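Topology and contacts: notes
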There are 2 protein chains.
Amino acid sequence: MELREIGEFGLIKKISRDAKRKAVLVGIGDDTAVIRDGKEFILYTTDMMVEGDHFRKEWSPPEKIGRKAMASNISDIAAMGGMPEYALISISLSSDVSVEYVELIYKGIYEVADRYGVDVIGGDTTHGSLMVINVALTGRTDEEHLTLRGDAKPGDYILVSGPLGGSKAGLELLLHGYQEPEKPIEKHLDPRCRMDIAREISIYANAMIDVSDGLASEVCHICEESGIGMVVEKEKIPLDEDTIRAAEILGMDPYEFALNGGEDYELVFTVPEENLEEVRDYGTIVGRTGSRGMGIKIRDERGINELKGGYVHF
Amino acid sequence: MELREIGEFGLIKKISRDAKRKAVLVGIGDDTAVIRDGKEFILYTTDMMVEGDHFRKEWSPPEKIGRKAMASNISDIAAMGGMPEYALISISLSSDVSVEYVELIYKGIYEVADRYGVDVIGGDTTHGSLMVINVALTGRTDEEHLTLRGDAKPGDYILVSGPLGGSKAGLELLLHGYQEPEKPIEKHLDPRCRMDIAREISIYANAMIDVSDGLASEVCHICEESGIGMVVEKEKIPLDEDTIRAAEILGMDPYEFALNGGEDYELVFTVPEENLEEVRDYGTIVGRTGSRGMGIKIRDERGINELKGGYVHF
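Not measured: the values here are computed from a predicted model. (Residues numbered from 1 in each chain as written. Chains lettered and ligands numbered in written order. Predicted model: local features only at pLDDT ≥ 70, side-chain atom pairs only at ≥ 80, totals over all residues.)

Thoughts on the overall build of chain A
Put simply, the test is: Numbering of helices and strands runs from the N terminus, with a helix taken as a DSSP run of H or I at least four residues long and a strand as a DSSP run of E at least two residues long. To assign burial, the other C-beta atoms lying within 10 Å of each residue's own C-beta are counted, with C-beta atoms placed from the backbone; 20 or more indicates buried, 12 or fewer indicates exposed, and intermediate counts indicate partly exposed. Placing C-beta atoms from the backbone, we regard two residues as in contact once those atoms come within 7 Å.
When you go through chain A residue by residue, the secondary structure sums to 10 helices and 13 strands. If one aligns the C-alpha atoms of chain A with their principal axes, the spans along those axes are about 55 × 55 × 45 Å. Within chain A, buried positions represent 56% of all 314 residues. Across chain A, every contact between residues at least 6 apart in sequence was considered, and the portion connecting residues at least 24 apart equals 83%.

Regarding the environment of isoleucine 298 of chain B
Residues and elements named next belong to chain B. Its place among the elements puts isoleucine 298 in strand β12 (residues 296–300). When the C-alpha atoms of isoleucine 298 and methionine 230 are compared, they prove to be 8.2 Å apart, with 68 residues separating the residues in sequence. With near-sequence residues (within four places) excluded, isoleucine 298 lies in contact with Val232, Lys234, Asn305 and Leu307.

Details of the sheet that holds strand β3 (residues 40–50) of chain A
All names here are of chain A. To be explicit about the condition: Only strands that DSSP links by at least two bridges are regarded as paired with each other. Note on definitions: angles span 0 to 180 degrees between N-to-C directions of axes, and those axes are lines fitted to C-alpha atoms, for helices only across the stretch in contact.
Spatially, 6 strands are ordered β1-β2-β3-β6-β4-β5 in an open sheet, and the strand pairing comes out mixed. One side of each edge strand has no neighbouring strand; the edge strands of this open sheet are β1 (24–26) and β5 (119–127). The sheet shows a mean angle of 20° between the axes of neighbouring strands, direction not considered. Summarising the sheet, β3 and strand β6 (residues 132–142) pair through 11 bridges and their orientation is antiparallel. When the sheet's bridge partners are listed, leucine 43 is paired in β6 with glycine 139. Contacting β2 (32–37), β3, β4 (83–93) and β6, helix α2 (residues 62–78) crosses the sheet at an angle of about 30° to β6.

With respect to the relation of the copies chain A and chain B
Applicable threshold: Overlaid copies result from least-squares superposition on C-alpha atoms, with residues included only where pLDDT is at least 70 in both.
Mapping chain A onto chain B calls for a rotation angle of 180° and an axial translation of 0.0 Å; the resulting RMSD is 0.0 Å. The two molecules are tied by a two-fold rotation axis, judged by turn and shift. The position closest to the rotation axis in chain A is occupied by the C-alpha of alanine 136 of chain A, lying 3.3 Å away. Interface overlap between copies: 100% of the residues of chain A at the interface are likewise at the interface in chain B, consistent with a symmetric, same-surface contact.

Points about helix α7 (residues 215–226) of chain A
All names here are of chain A. This is how it is decided: Expected span of a helix, by definition, is 1.5 Å for each gap between consecutive residues, and there is one gap fewer than residues.
A rise of 1.5 Å per residue sets the reference length of α7, with its 12 residues, at 16 Å; its end C-alpha atoms lie 16 Å apart and thus fit the reference within 8%. For α7, a buried count of 9 out of 12 residues is recorded, marking the element as mostly surrounded by other parts of the structure. All buried positions along α7 are accounted for by Leu215, Ala216, Ser217, Glu218, Val219, His221, Ile222, Cys223 and Ser226. The positive-phi residue at the C-terminal boundary of α7 is glycine 227, with phi of around 65°.

Regarding the interface of chain A and chain B
Which entries qualify depends on this criterion: We call Asp, Glu, Lys and Arg charged. Ala, Val, Leu, Ile, Met, Phe, Trp, Tyr, Cys and Pro are nonpolar, and the rest, Gly among them, are polar.
Between chain A and chain B, the residue contacts involve 59 residues of the former and 59 residues of the latter. Counting residues per element, the ones that place at least two in the side of chain A that touches chain B are α1 (3–15), β2, β3, β4, α3 (99–115), β5 and β6 of chain A. The biggest single contributor to the side of chain A that touches chain B is β5 of chain A, with 9 residues. Its residues placed into classes, the side of chain A that touches chain B shows 28 nonpolar, 18 polar and 13 charged.

Concerning the pairing of strand β5 (residues 119–127) of chain B
Residue and element names in this part refer to chain B. For clarity, the cut-off: Throughout, right-handed denotes a crossover for which the path from the first strand over the helix to the second runs clockwise when the strands point away from the viewer.
Where strand β4 (residues 83–93) lies against β5, 8 bridges are found, and the strand directions are parallel. Among the inter-strand pairings, isoleucine 91 is bridged to a residue of β5, identified as threonine 125. Each parallel crossover has a hand, and for β4 linked through helix α3 (residues 99–115) to β5 it is right-handed.

Quick word on the packing of helix α2 (residues 62–78) of chain B against α3 of chain B
Residue and element names in this part refer to chain B. We count it as follows: Should the near helix be turned counterclockwise from the far one by less than a right angle, the crossing is left-handed, whereas a clockwise turn marks it as right-handed.
Axis separation between α2 and α3 bottoms out at 6 Å; the angle between their running directions is 35°. Remark: the crossing between α2 and α3 carries right-handed chirality. Residues Pro62, Glu63, Lys64, Ile65, Gly66, Arg67, Ala69, Met70, Ala71 and Ile74 of α2 form the contact with α3, whose own contacting residues are Tyr101, Leu104, Ile105, Tyr106, Lys107, Gly108, Ile109, Glu111, Val112 and Ala113. The residue makeup of the contact of α2 with α3, split by class, is 13 nonpolar, 2 polar and 5 charged.

Overview of the nonpolar core
As a rule of thumb, soluble globular proteins bury nonpolar side chains together. Put simply, the test is: In these notes, a nonpolar core means any group of buried Ala, Val, Leu, Ile, Met, Phe, Trp, Tyr and Cys residues linked to one another through C-beta atoms within 7 Å.
Ranked by internal contacts, the top residues of the largest apolar core, which has 190 residues, are Ala87 and Val219 of chain A together with Ala87 and Val219 of chain B. Setting aside anything within four residues of it in sequence, one finds alanine 87 of chain B in contact with Ala113, Val118, Val120, Ile121, Val135, Ala136 and Leu137 of chain B.

Dropping the structure here:
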């Protein structure tokens, strides 16, 4: 069977098994694993970036490759309401890469690590014909802040923490040979993660996830793991001007970037009505959850339809 | 500056920084990081395997690729006197790989994980034009068992836990188109790790490390980090018959395989005289440590000379 027939999440189901230790609260299948540690929780996440698929040396200066590798992992910890702690960096380097180039990658890694209090404690440096960077990151949180994908309740409001689709717009601009608008390109090459607001949101949200594969994929994860349904209002999805402009230049749909693009690293979270005021400054309402029976829907100019999609890795 | 001018360990020095948390006992630069956790220690290690450099699909069935990825990481935890605990698996898959093939890789991963009580709690599956597997593994140990590279003392005996050079002999056989002798080839494709004896040794040893880059490189790590010198007796280095036979077939030196080959995943450890009896069943004496001033030496048929080397990644 070919990978593309079952996709990334189908494959994950095939290779998943239940963990044996009782302390494992969330295991394989989630972006971040959660292990109970007394009154606290230890978080474990990892992300691999492969040259050609996840970055291109000709598009990205080395500092930005390093910053993105670290930021995308911290984003996973942020989405659980956690504080990142220790990182292991594995890197495979091709022979054409210079020592100075590698130092610049690590400059970027350390910049983001320092900003969020991460200690880089080890790793593996090796040779490969492609450059590959893998970050494994641990974090820590407590009962008050821990926020899973699977705890959304029917009737929650669905919010996103910022404009979406920018990263995919930037990627499409680069793929089509454009150097501007700059802002979406920067969003693609050097995304920020939302540690600035994630901890505060996590106190009030029922469920949270970061946008690594596109809004459609992320809300599907929340619905499937929470056993609920939802309706997303397409016109409420926040887009910034440069993303709209990039879509015009490219003759593409900016909502498609937001729904199925990914790598925005904004947060998607669901909040019960009584907590809504507490998080209004941190996001835009894009929909509302309901019972499982309602399915996962999007309301757009054509009415209410099935919401499907997400970035397809294979 | 080219990577090969400074090598792997020169590069690691350039990209290393001291960790900021006081709980970090051993940080970047070691195969395994050590974090103090009350009366215990948490261990963190990671290893990346890249298609072409670390394995070839035409040589290795997928179960063995999975088993080796897990075993090489467990070996790093074993060498610290630890018990492995949680693993994150990142894998990049090329489009020509089938679902069944990936399932077999995970069959191998889970086989070794189960044997040593490891819970696979998460990971990342993605696409890349090469297959890459990264394992990040945590473990746990206590004051009695924790064994670092840097605690060898002058006058210690140096022991190795089993015959060396087999893995490199197997690699050379494969590179030269031979299908036998089988044993070294199996050692290369499907190495075991020494969790079976590592915990017991760790009670009595001053310093320990696993053989991932060859005996020469590992004893240099022990000397440099312990601030001591040593003499290794070449003729005492254990070699098995098939490794010697492979070297004859290839017209190569089996001691060269042992000293500079790597991936044997046996243990090298130093033991004070008063503990020697306790570990005699677990290894062969290959030398003795001394003061830093004596340097790092090997005694062979030509006398006593500088010991240099180790597997060169770049």
